Amino acid sequence: MQNVSTQTQATKVKGKQKISRTKLKEIGTGVFLMAPFLLIAGIFIFYPILYSLQISFQNFSYLNPSAAEWVGLENYKKLLQDTTFLTAIWNTVKLLIIVLPIQTLISLVLANLLNSKIKGKSFFRIVFYLPYITSPIAVGAVMVYLFNQDGLVTRFFTLFGLENVAWYTDGDYAFYLIVLIIIWTQIGFYTVIYLSGLQSIPEDLYEAARIDGASKLQQFLRITVPLLKPTTFLVLFMGGLATLQIFEQPYVVSTTGGALPGSPGDSTLTMVMYLYTQAFKYFEMGYASAAAFIIFVMIFSLTVLQYLFFERKNKG
Amino acid sequence: MNTKRILFYLVLGLTAFVMLLPFIWTLYASFVKQDLNVDTFSFDLAQYGIDNFVYIITQSHIADWYKNSIFVTGVITICNLLFNSMAGYALARVRFPGKNIMFFFTLGIMMVPVQILLIPIFVMMAKMGLINTYFALIVPFMVNPFGVFLMRQFFVGFPSELEEAAKMDGLSRIAIFFKIALPLAKPALIAQAIFIFVWNWNSFPFPSILATQPDMFTLPVGIYQITNTAYTSSITKSMAGVVLMTIPTLIFFMVFQKHFMKSSMNTGVKG
């Protein structure tokens, strides 16, 4: 009896040693495979966030970094009274309010047209997608001239009663130039996303509706739109995030000819453009970091919201 | 039925026209010799020529910008493919302590908007005296949490039989990863590569602060100099620069367009 039990104990111990050796090897493999990612992400993503937070509590100026002093919440207080920063936030929110419904609706309609029995589907898909992968710097530069005084598109819009002005220099028109550029850039991408959503709707639903005598419009409103709700949420979230972070296109457009970023006035100033200008034009890095953190919190909360929303849906 | 179809084609065709117009116009404008003539179409062939291209190629650093963009984007893409896949595989397949924490770390930094990194990365690089070096333009962008997440999702659903068989053959874990898992991950690697490539090829904010000498610019930064400073202040010359910059992206897109669509579609299915 005793003999047997010691024997089993011996095998147990032996087994444990074996397991721990393979375990150790496994851990080594894990460390080796994770190391480059952890190292680089740690140094260039994780640490910079903390560093940025630190700078935001200092009067850190790049021109004189050694003179940086702790100023507590001073930068944040000043920011919330800075009408330029508030204008930048308001402009970005205004973009969000105008761009989101329009681009979502256009993408939904285009996807439905593309999903019908038509020829040249892949041609249209490619063409619609092109603006999305083109450099925003190039897009901005081109649009400035298409919407220039006597420009091709400007002249077209005069047919509808708009004035023949250079849109990027006009206080009323410049903002809508940005709106048009964002929509033009993004609808192709969201059309493709809607297309995939459409293809997941079972065909027999439409068949049943047809038998019940539902018209095409009724089918669209009663079947397509409700069943695409998750896709619509995704398109709204992604579009919202992209718009909140918009920078390059308004930056290129507003600085044409060496004008100040956000010009004319501050009509095209966005949040990220404000941060970029404060930091790299005026070198007010402490102040700009505080702005960056406020922007960070806004964008991060929307991202977390999106994640939670879809995570819960995927589980449920 | 027929009128409805015509209407469909009309709407789609009109949209396609609106999408293509800026491209066509840019190409047209780049061949117009004088700015004055850019808004009035003419059949007078003497108005057109390749002068703008000659000017951009000879008078700007565009050859350097091309070289920099290709080198920087190339190295970044290759490093991303390797490092993100390694981390993704480890998170999906290897057992080690702290794995869950690392997965949440990945998810966490995935949600961080890159703009918050502009100032600290610039200050870090400036302190080390690395502004205007390839190090600054490449190293911070060599990994991407999205890529890690993508690869993890791929490897989680990867059949384990192949790995078991390889283990029987005496291959080490790391050899299994490089010889078996990585080659079979081609679809996920392509999906990752195209987006990493396009993001970095078009990237402007970071290169614009990390490179201040014209010979260290990447294409977007260089083109911005051409179009938005007193460099040329010419519409048609700017457009020639835009054409030269955009051509590689368009070729890349045409070659991989099926993969672009597939990846975007997958995003849609997730939702």
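Residues numbered from 1 in each chain as written. Chains lettered and ligands numbered in written order. Predicted model: local features only at pLDDT ≥ 70, side-chain atom pairs only at ≥ 80, totals over all residues. Heavy atoms only, no water.

### Regarding the overall build of chain B
Item 1. Helix and strand counts for chain B stand at 13 helices and 0 strands.
Item 2. In sequence order, the secondary structure elements of chain B are arranged as α-α-α-α-α-α-α-α-α-α-α-α-α.
Item 3. Against the globule reference of 18 Å for 271 residues, chain B gives a C-alpha radius of gyration of 23 Å, more extended than a compact globule.
Item 4. Expressed along its principal axes, the backbone C-alpha trace of chain B runs to roughly 75 × 65 × 35 Å.
Item 5. Sorting the 271 residues of chain B into buried and exposed places 57% on the buried side.
Item 6. Counting only contacts in chain B whose residues sit at least 6 apart along the sequence, the fraction spanning at least 24 positions is 71%.
Item 7. As displayed, chain B offers around 12,300 Å² of accessible surface, 70% of which is attributable to carbon and sulfur atoms.
Item 8. Once the 17 positive and 10 negative side-chain charges of chain B are each reduced to a mean point, those two points are 14 Å apart. (Helix = DSSP H or I, 4+ residues; strand = E, 2+ residues; numbered from the N terminus. Rg over C-alpha atoms; globule rule 2.2 N^0.38 Å. Buried < 20%, exposed > 50% of the residue type's maximum accessible area, 1.4 Å probe, protein only. Contact = heavy atoms within 4.5 Å. Areas by Shrake-Rupley, 256 points an atom, 1.4 Å probe, with all protein chains shown as cover. Lys, Arg positive; Asp, Glu negative; His and termini not counted. Charge placed at Lys NZ, Arg CZ, Asp CG, Glu CD.)

### Some words on unusual backbone geometry
Item 1. Geometrically, the link from Ser263(A) to Pro264(A) is a cis peptide bond, its omega value of 0 degrees lying close to zero.
Item 2. Within the element layout of this structure, Pro264(A) appears in the loop between helix H11 (248-254) and helix H12 (271-280).
Item 3. Of note, Phe283(A) is a non-glycine position whose phi angle comes to about 55 degrees, a positive value.
Item 4. Relative to the helices and strands, Phe283(A) resides in the loop between H12 and helix H13 (285-315).
Item 5. One non-glycine residue, Asn132(B), adopts positive backbone phi at about 70 degrees.
Item 6. When you line up the elements, Asn132(B) lands in the loop between helix H5 (118-127) and helix H6 (134-138).
Item 7. Residue Asn132(B) is classed as buried on the basis of its relative accessible area, which comes to 15%.

### Overview of the domain arrangement of chain B
Residue and element names in this part refer to chain B.
Item 1. When its domains are assigned, chain B resolves into domain 1 (1-60 + 234-248) and domain 2 (62-230).
Item 2. The C-alpha-based centres of domain 1 and domain 2 are spaced at 34 Å.
Item 3. Opposite the 9 residues of domain 1 that make contact, domain 2 presents 9 residues.
Item 4. At the junction of domain 1 and domain 2, the tally comes to 0 salt bridges.
Item 5. Along the contact surface separating domain 1 from domain 2 lie 2 residue pairs in polar contact (both at pLDDT 80 or more).
Item 6. Every element with two or more residues in the side of domain 1 that touches domain 2 is listed here: helix H2 (51-59) and helix H13 (235-270).
Item 7. Tallying contributions element by element places H13 first for the side of domain 1 that touches domain 2, with 6 residues.
Item 8. Residues that form the side of domain 1 that touches domain 2 fall into these classes: 6 nonpolar, 3 polar and no charged. (Domains from an automatic or database assignment. Salt bridge = Lys/Arg side-chain N within 4 Å of Asp/Glu carboxyl O. Polar contact = N/O pair within 3.5 Å; in protein donor to acceptor, adjacent residues only side chain to side chain. Nonpolar A, V, L, I, M, F, W, Y, C, P; charged D, E, K, R; others polar.)

### What about the interface of chain B and chain A?
Item 1. Facing 95 residues of chain B, the contacting portion of chain A comprises 98 residues.
Item 2. Carbon and sulfur atoms make up 80% of the area that chain B and chain A hide from each other, which totals about 8,500 Å².
Item 3. One can count 1 salt bridge joining chain B with chain A.
Item 4. No other element matches H13(B), which puts 19 residues into the side of chain B that touches chain A.
Item 5. Counted by class, the side of chain B that touches chain A contains 67 nonpolar, 20 polar and 8 charged residues. (Buried area = accessible area lost by both parts, 1.4 Å probe.)

### Observations concerning the confidence of the model for chain A
Item 1. Taken residue by residue, chain A gives an average pLDDT of 89. The fraction at 70 or more is 92%.
Item 2. Per-residue pLDDT, averaged within each element of chain A, yields its smallest value for helix H1 (residues 2-56) of chain A (79) and its largest for helix H3 (residues 83-114) of chain A (96). (pLDDT = per-residue confidence, 0-100.)

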